[in-house]
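Next come the chains, spelled out residue by residue.
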Amino acid sequence: MLSNSCDMLVFGGTGDLALRKLLPALYYLHRDSRLPRDTRIIALARSNHTPEAYKTLAERHCRAQVARADFSEDTWRSFAERLDYLSMDASQSADFGRLGKHLGNDQERIRVYYLATAPDLFEDIASHLKLAGLVNARARIVLEKPIGHSLESAQAINAGIGAVFDEPQVFRIDHYLGKETVQNLMALRFANALFEPVWRAGHIDHVQISVCETLGVENRGAYYDHAGAMRDMIQNHLLQLLCLVAMEPPVRFDAESVRNEKVKVLEALKPITGFDVRDKTVRGQYAAGKIGGQEVPAYYFEKNVDNDSDTETLVAVQAEIDNWRWTGVPFYLRTGKRLARKTSEILIQFKPVPHQLFGNGEANQLLIRLQPEERISLQLMAKNPGKGMHLQPVELDLNLADAFNKQRHWDAYERLLLDVIEGDSTLFMRRDEVEAAWQWIDPIIKGWQQHYQRPRPYAAGSSGPEQLQHLLERHGRKWIE
């Protein structure tokens, strides 16, 4: 257990992220004695709750999110003693004076400011914290994605935050990097001699990175209709996964070494501009259809969505990395809502053997699945029992839940929140990393606008528009399903 005292302040404390993700993660860290002994958790929002009313609200959500076997009345009571609530308006500097009085004047406490708010409040909150004297060398600030909506806006946010906090104090969070299987991707690559010699263009045909959802926009329509799948998913989650697949081995496993290598990947991405935008990207928007036998509306009939919206709910991109290791290997990125199945996975498709000795072999595949279950599968060719050399693919399968069945599986936010408290930024994005991602994304969005490339409709519950399949089929490939 950490020895330092800590204040965890959650701006947007009544929002979905705080109630469904952050508080349950903090509950587990408390239960497992991972938090510093004298930790206070203070939720901040405009809603006029009393601390007791907020605790009741928090308990209801924690009961719903925490596994039944892990929730106990005694643990909740001790956790609730850490929990507090202060009604305030984060856009009003005067309210930060009240916050300072509420916190007290202990300069030795670690203070974590978690901004689970809209990005347009990030700079104001940082500035107000500084004016109120609430920022010192022991303070940390956590920024949720998206960091802006373009390169220019991301640079403005980063500059505003950087005027108050030094870069090592800034934690730009992407919860995908806290997933166990994502970290196992690094272990797979850099701790096993089997893969490094073949992890390159000479042996890999292509890579697929897919994050598919059956859900629609739910209650995020107002945000999503201005963001779309490109800004909401490709710019952060999928590009982060691409970086981990493609990065060179870092000199050391520390924050700067890892992030240096990720930035090199982003800088090596071949720009997609002009008519290449039409050839190498696909936009889609879900129409009405059936999910699990239930009728669901088209995107433009969702709550808080413009009825004439041309926002994409699906994006696929053929990305290329211009460097020594990856030149000639396409990376296919795919994400979408209201698709036939929910999955997050990375497929490494190897090239076939140079000579098909037995005539009916298939190329090897490595599948790294993040959800719904976390597992790693390597497809090899083996002989069918009986006469002759008839081959079929078989899987060497590592189910992480089964392999470590005596250990509870940590949620991504548990690991990341603890890293913030401990000051470890290895699994967080650096300023130049965020901006390099936007530098690649912006020309694609601009190309859509210039060529008036409206999203292709696809039925909810389907595999997406037919153009999605064509992106790979024209090169003799297909999406893994």
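Residues numbered from 1 in each chain as written. Predicted model: local features only at pLDDT ≥ 70, side-chain atom pairs only at ≥ 80, totals over all residues. Heavy atoms only, no water.

**With respect to the overall build of the protein**
Then step 1. The secondary structure content of the protein amounts to 14 helices and 17 strands.
Then step 2. Here the C-alpha atoms of the protein give a radius of gyration of 24 Å, agreeing with the 23 Å that 2.2 N^0.38 yields for 481 residues.
Then step 3. Seen along its three principal axes, the alpha-carbon backbone of the protein occupies a region of about 80 × 50 × 45 Å.
Then step 4. By residue count, 53% of the 481 residues in the protein fall in the buried class.
Then step 5. In the protein, 77% of the contacts between residues at least 6 apart in sequence involve partners at least 24 apart.
Then step 6. Roughly 21,600 Å² of accessible area belongs to the protein as shown, and the carbon and sulfur atoms make up 49% of that amount. (Helix = DSSP H or I, 4+ residues; strand = E, 2+ residues; numbered from the N terminus. Rg over C-alpha atoms; globule rule 2.2 N^0.38 Å. Buried < 20%, exposed > 50% of the residue type's maximum accessible area, 1.4 Å probe, protein only. Contact = heavy atoms within 4.5 Å. Areas by Shrake-Rupley, 256 points an atom, 1.4 Å probe, with all protein chains shown as cover.)

**Quick look at the packing of helix H2 (residues 51-65) against helix H3 (residues 73-82)**
Then step 1. Across the interface, H2 lies against H3 with an axial gap of 12 Å and an inter-helix angle of 140 degrees. Between H2 and H3, the interaxial angle falls into the category oblique. Relative to H3, the crossing made by H2 is right-handed. Counted together, Lys 55, Ala 58, Glu 59, Cys 62 and Arg 63 of H2 and Glu 73, Trp 76 and Ala 80 of H3 form the full contact between these two elements.
Then step 2. When the residues that make up the contact of H2 with H3 are grouped by side-chain class, the tally is four nonpolar, no polar and four charged. (Axes fitted to C-alpha atoms, helices over the stretch in contact; angles between N-to-C directions. Parallel < 35°, antiparallel > 145°, perpendicular 65-115°, else oblique. Left-handed = near helix turned anticlockwise from the far one by under 90°. Nonpolar A, V, L, I, M, F, W, Y, C, P; charged D, E, K, R; others polar.)

**What about the nonpolar core?**
Then step 1. Phe 11, Leu 99, Tyr 113, Phe 165, Phe 331 and Leu 366 are the most contacted members of the largest nonpolar core, which has 145 residues in total.
Then step 2. Among the elements that make up this core, the one with the highest residue count is helix H8 (residues 221-246) (13 residues).
Then step 3. Those residues in contact with Leu 99 that lie beyond four places of it in its chain are Leu 9, Phe 11, Leu 44, Leu 86, Met 88, Leu 129 and Leu 134. (Core = buried A, V, L, I, M, F, W, Y, C linked by side-chain atoms within 4.5 Å.)

**Remarks on the UniProt feature "active site" (unreviewed entry) in the protein**
Then step 1. In the numbering used here, UniProt assigns the feature "active site" (unreviewed entry) to His 237.
Then step 2. Turning to its location among the elements, His 237 is positioned in helix H8.
Then step 3. A polar atom in the side chain of His 237 sits 2.6 Å from the side chain of Asp 174. (UniProt positions renumbered as here; feature names shortened; annotations may be inferred. Polar contact = N/O pair within 3.5 Å; in protein donor to acceptor, adjacent residues only side chain to side chain.)

**Brief notes about the UniProt feature "binding site: NADP(+)" (unreviewed entry) in the protein**
Then step 1. UniProt records the feature "binding site: NADP(+)" (unreviewed entry) for Arg 46 and Lys 145 in the present numbering.
Then step 2. Along the polypeptide, Arg 46 turns up in the loop between strand E2 (39-45) and H2.
Then step 3. For Arg 46, the residues in contact, after removing those within four places along its chain, are Tyr 85, Ser 87, Met 88 and Asp 89.
Then step 4. When near neighbours in sequence (up to four residues on either side) are disregarded, Lys 145 contacts Ile 173, Arg 220, Asp 232, Asn 236 and His 237.
Then step 5. A polar side-chain atom of Lys 145 sits 2.8 Å from a polar atom in the side chain of Asp 232.

**Here's the deal with the confidence of the model for the protein**
Then step 1. With 98% of its residues at a pLDDT of 70 or more, the protein has an overall mean of 91.
Then step 2. Between the elements of the protein, mean pLDDT differs from a low of 68, seen in helix H11 (residues 400-403), to a high of 98, seen in strand E11 (residues 314-320). (pLDDT = per-residue confidence, 0-100.)

**Examining helix H1 (residues 16-31)**
Then step 1. End to end, H1 covers 22 Å across 16 residues, agreeing with the expected 22 Å (1.5 Å per residue, within 8%).
Then step 2. The largest bend in H1 is about 30 degrees, located at Leu 22, with the proline Pro 24 one to four residues further on.
Then step 3. Within H1 the residues assigned to the buried category are Ala 18, Leu 19, Leu 22, Leu 23, Pro 24, Ala 25, Leu 26, Tyr 27, Tyr 28, Leu 29 and His 30.
Then step 4. One or two steps after H1, the chain reaches Ser 33, where phi turns positive at roughly 60 degrees. (Expected span 1.5 Å × (residues − 1). Bend = angle between axes of the 7 residues up to and from the residue.)

**Re the sheet that holds strand E8 (residues 281-287)**
Then step 1. What the nine strands build is an open sheet, ordered E16-E15-E14-E13-E7-E12-E11-E8-E17; its pairing is mixed. On the outer flanks of this sheet lie strand E16 (391-399) and strand E17 (456-459), each paired with one strand and no other. Across the sheet, the mean angle from the axis of one strand to that of its neighbour is 20 degrees, orientation sign disregarded.
Then step 2. Running over the sheet, helix H13 (residues 431-450) touches E8 and E11 and is turned about 125 degrees from E11.
Then step 3. With respect to the sheet, helix H14 (residues 466-473) is in contact with strand E7 (204-212), E8, E11, strand E12 (330-336) and E17, its orientation differing from that of E11 by roughly 15 degrees. (Pairing = 2+ DSSP bridges.)

**Overview of helix H6 (residues 151-162)**
Then step 1. Helix length check: H6 (twelve residues) gives 16 Å between terminal C-alpha atoms against 16 Å at 1.5 Å per residue, within 8%.
Then step 2. Within H6, burial applies to Leu 151, Ser 153, Ala 154, Ile 157, Asn 158, Gly 160 and Ile 161.

**Description of the pattern of salt bridges**
Then step 1. Counting across every chain of the model gives 36 salt bridges.
Then step 2. Linking Arg 63 and Glu 59 is a salt bridge whose minimum nitrogen-to-oxygen distance equals 3.1 Å. Here Arg 63 pairs with Glu 59, and both are found in helix H2, just four residues apart, close to one helical turn.
Then step 3. Using a relative accessible area of 40% as the deciding quantity, one classes Arg 63 as partly exposed.
Then step 4. The residue Arg 341 makes a salt bridge to Glu 345 at a minimum N-O spacing of 2.9 Å.
Then step 5. Exposure remark for Arg 341: the relative accessible area of 26% places this residue in the partly exposed category.
Then step 6. You can call Glu 345 buried: its relative accessible area is 1%.
Then step 7. In the salt-bridge network here, residues are joined through shared partners; they are Asp 7, Asp 38, Arg 40, Arg 109 and Arg 111. (Salt bridge = Lys/Arg side-chain N within 4 Å of Asp/Glu carboxyl O.)

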